[in-house]
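Listed here are the chains, written in short residue letters.
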Amino acid sequence: MIQKVTHRQMILMLMLLSITGTLLQPHAQAIYYAEQHAYLCYIPVVLIMFTSMWLLSRVQRRFPDKDLFESLVTRFPFLGRLAGLMYIAFFFFVFARDIRLTGDYVSITLLETTPISIIVLSLLVMAIFIVRGGLGSLIGMVELYVALFLLNSMIVPFMLIQQINLDNLKPYFDVDLAGVGRGSWYLFSFYGEMIFLPFIVRGSDFRVKSIVTGNIVTALLMMLIVVETITSIGVPIASRLVYPSYELARQLQISDFLDRFDLALAAATLPCIITKIAFDLYLVCWGLKRMIPKVSGKVLTGPIALLGFVCAFWFFRNAIQLNRFTREWTWVAIVFEVLFPIVFFLFLRPRKKEAGHAPNSESGDRASRGKQQEGEQKQEQASGESDQTEGKSEEKSGDKSAEKSIEKKGKTSPGGGNLQPS
């Protein structure tokens, strides 16, 4: 049974899926092409993803008690499974990429002497235990750590007041539209991972209101982070950093004796990243369970996680190759985040028998009730007519018997005559 998801939980999950990957890597590439107007790169991305999510919400309304995996399998047994397996492969690649991206991030910024394989295995062990707890444990971690991340994001601008230089945003109105478009290209594949939600949330919980609110809040938060990065670090330096968000955290200094506030931010950011990795693993296991009902999702978590560990180092040899692959990966992401939602909106509909079952049954009941009422009325009319004919026959028989008795009396009585007029 699919767990019920509230409006607040939908917003937080959408933010988790869109923020974590985007926060680590593609901001530097967006700043490199769009320069001081890199925050505008989120506008076309948000519009495109809102359209895709709105299309999927319309599809989910047709199947209120099912997630998108189940809707595909029940409506189109072969083509639905084929599309589901393609999405599972897409989720698995994102899972392997997030493992390698997080491992490199932790190895470069926090644990420089620890082997990256040990770091990735530690992340996978935590993700496996989270996934084994089911969707409830994932939602619980999202409600805790995403709220903590939002709180930190609201506090950071006040700590950066001394480092902010608004001259880094000049010229304010000289916008390079081509550069903004190229920056949006690099951001799109990471931000569009909110497309994962309809595959684990049933149709009745997948609301347009949650999509709109989550998109707006996420876009404003990410635009704020980009503006903070540009104004505090500068375009020339930020565009050449591998992890500009980490360098932004290093700019924070509360006083002279506390200059490593980035550790406190990492304590709030890393749990969000680990929860995102757990989400990727959960989606792969949940999709395989939907495609093959006899398979246990909990049993699959360990083997899928180990396979992801191997593929993470097989697909990407180093962090530079992972960074450069974002340009080509967007072509693949467009297929799953834009084209497939349009196809589902056009073709994924319930069968006519299933769609017309409820109204047909109601009309049949009404027709049968009407026939019963008509039959009862006819029976009442027939019984009334029979009562009237019986009454008339009784009256006629009574009149005839009275006449006969009078005639008999007239004959027997002497000198008497008939009192009735002749």
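Residues numbered from 1 in each chain as written. Predicted model: local features only at pLDDT ≥ 70, side-chain atom pairs only at ≥ 80, totals over all residues. Heavy atoms only, no water.

Points about the overall build of the protein chain
Counting its secondary structure elements, the protein chain contains 16 helices and zero strands. For the protein chain, the proportion of its 422 residues judged to be buried stands at 46%. A separation threshold of at least 6 residues defines the contact pool for the protein chain, and within that pool the share at least 24 residues apart is 85%. Total accessible area computed for the protein chain in this model is approximately 22000 Å², and 62% of it derives from carbon and sulfur atoms. (Helix = DSSP H or I, 4+ residues; strand = E, 2+ residues; numbered from the N terminus. Buried < 20%, exposed > 50% of the residue type's maximum accessible area, 1.4 Å probe, protein only. Contact = heavy atoms within 4.5 Å. Areas by Shrake-Rupley, 256 points an atom, 1.4 Å probe, with all protein chains shown as cover.)

Considerations on the pattern of salt bridges
The full count for this structure, using the stated rule, is 15 salt bridges. Of the charged contacts in the structure, one is a salt bridge between E247 and R250, with a shortest N-O distance of 4.0 Å. Within this pair, E247 and its partner R250 are both found in helix α11 (residues 244–250), separated by three residues, close to a single helical turn. Overlapping salt bridges, with partners in common, bring together R97, D98, E193, K276 and D280 in one network. (Salt bridge = Lys/Arg side-chain N within 4 Å of Asp/Glu carboxyl O.)

Digging into the environment of L17
Within the element layout of this structure, L17 appears in helix α1 (residues 7–24). Looking at L17, the relative accessible area reads 0%, which means it is buried. Each C-alpha atom of the pair L17 and I277 lies 9.6 Å from the other, and the pair is 260 residues apart in sequence. If we ignore the near neighbours within four places in the chain, the residues touching L17 are F190, E193, M194, F196, L197, K276 and F279.

Regarding the packing of helix α2 (residues 27–34) against helix α8 (residues 177–191)
Running from N to C, α2 and α8 point in directions that differ by 170 degrees, and their axes come no closer than 7 Å. Viewed along their axes, α2 and α8 adopt a mutual orientation that is roughly antiparallel. Here H27, Q29, A30, Y33 and A34 of α2 come into contact with α8, specifically with G179, V180, R182, G183, Y186 and L187. Looking at the contact of α2 with α8, its residues break down into six nonpolar, four polar and one charged. (Axes fitted to C-alpha atoms, helices over the stretch in contact; angles between N-to-C directions. Parallel < 35°, antiparallel > 145°, perpendicular 65-115°, else oblique. Nonpolar A, V, L, I, M, F, W, Y, C, P; charged D, E, K, R; others polar.)

As for the packing of aromatic side chains
Using the criterion set out here, one finds 32 aromatic pairs in the structure. Ring plane angle 85 degrees and centroid distance 6.2 Å describe the contact between F90 and F196, whose orientation is recorded as edge-to-face. Taken together, the residues span a long stretch of sequence, with F90 in helix α5 (residues 77–109) and F196 in the loop between α8 and α9 (208–233) at a distance of 106 residues. Each member of the pair, F90 as well as F196, carries the same accessibility label: buried. Both rings, one in F93 and one in F315, keep their centres 5.3 Å apart while their planes meet at 20 degrees; by these two values the pair is stacked. Residue F93 is found in helix α5, and its partner F315 is found in helix α13 (residues 297–315); the two are separated by 222 residues along the sequence. (Phe/Tyr/Trp six-rings, centres within 6.5 Å; stacked < 30°, edge-to-face > 60°.)

Topic: the environment of R58
Structurally, the position occupied by R58 is in helix α3 (residues 42–62). For R58, a relative accessible area of 33% puts it in the partly exposed group.

What about the nonpolar core?
Core analysis: the biggest nonpolar cluster contains 119 residues, and F91 and F344 have the highest contact counts within it. The element that contributes the greatest number of residues to this core is helix α12 (residues 262–291), accounting for 16 residues. Sequence-distant contacts of F344, defined by excluding residues within four places in its chain, comprise L56, V59, R62, L68, L72, A83 and Y87. (Core = buried A, V, L, I, M, F, W, Y, C linked by side-chain atoms within 4.5 Å.)

A short note on the environment of L68
Secondary-structure assignment places L68 in helix α4 (residues 68–75). Separated by 16 residues in sequence, L68 and G84 have C-alpha atoms that sit 8.9 Å apart. When near neighbours in sequence (up to four residues on either side) are disregarded, L68 contacts L56, V59, Q60, P198, F199, F344 and L348.

Some thoughts on the confidence of the model for the protein chain
Interpreting fine coordinate detail is not advised for predicted regions of low pLDDT. Confidence in the prediction for the protein chain averages 83 pLDDT; 81% of positions are at 70 or higher. Low pLDDT, under 50, characterises residues 358–368; the predicted model gives this stretch zero contacts beyond four residues in sequence or across chains. Ignoring residues within four places in sequence, the model shows residues 394–422, a span with pLDDT below 50, making three contacts including any to other chains. (pLDDT = per-residue confidence, 0-100.)

Details of unusual backbone geometry
The omega torsion of the bond from K170 to P171 falls at -5 degrees, within 30 degrees of zero and hence cis. By secondary structure assignment, the location of P171 is in the loop between α7 (135–159) and α8. At E35, a position not held by glycine, the phi torsion is positive, near 55 degrees. For E35, the location among the structural elements is in the loop between α2 and α3. According to the relative accessible area criterion, E35 is partly exposed, its value standing at 41%.

Regarding the packing of α4 against α5
As a packed pair, α4 and α5 sit with axes 6 Å apart at the nearest point and diverge in direction by 150 degrees. Comparing their axes, α5 and α4 come out roughly antiparallel. Residues F69, L72, V73 and R75 of α4 form the contact with α5, whose own contacting residues are P77, G80, R81, A83, G84, I88 and F91.

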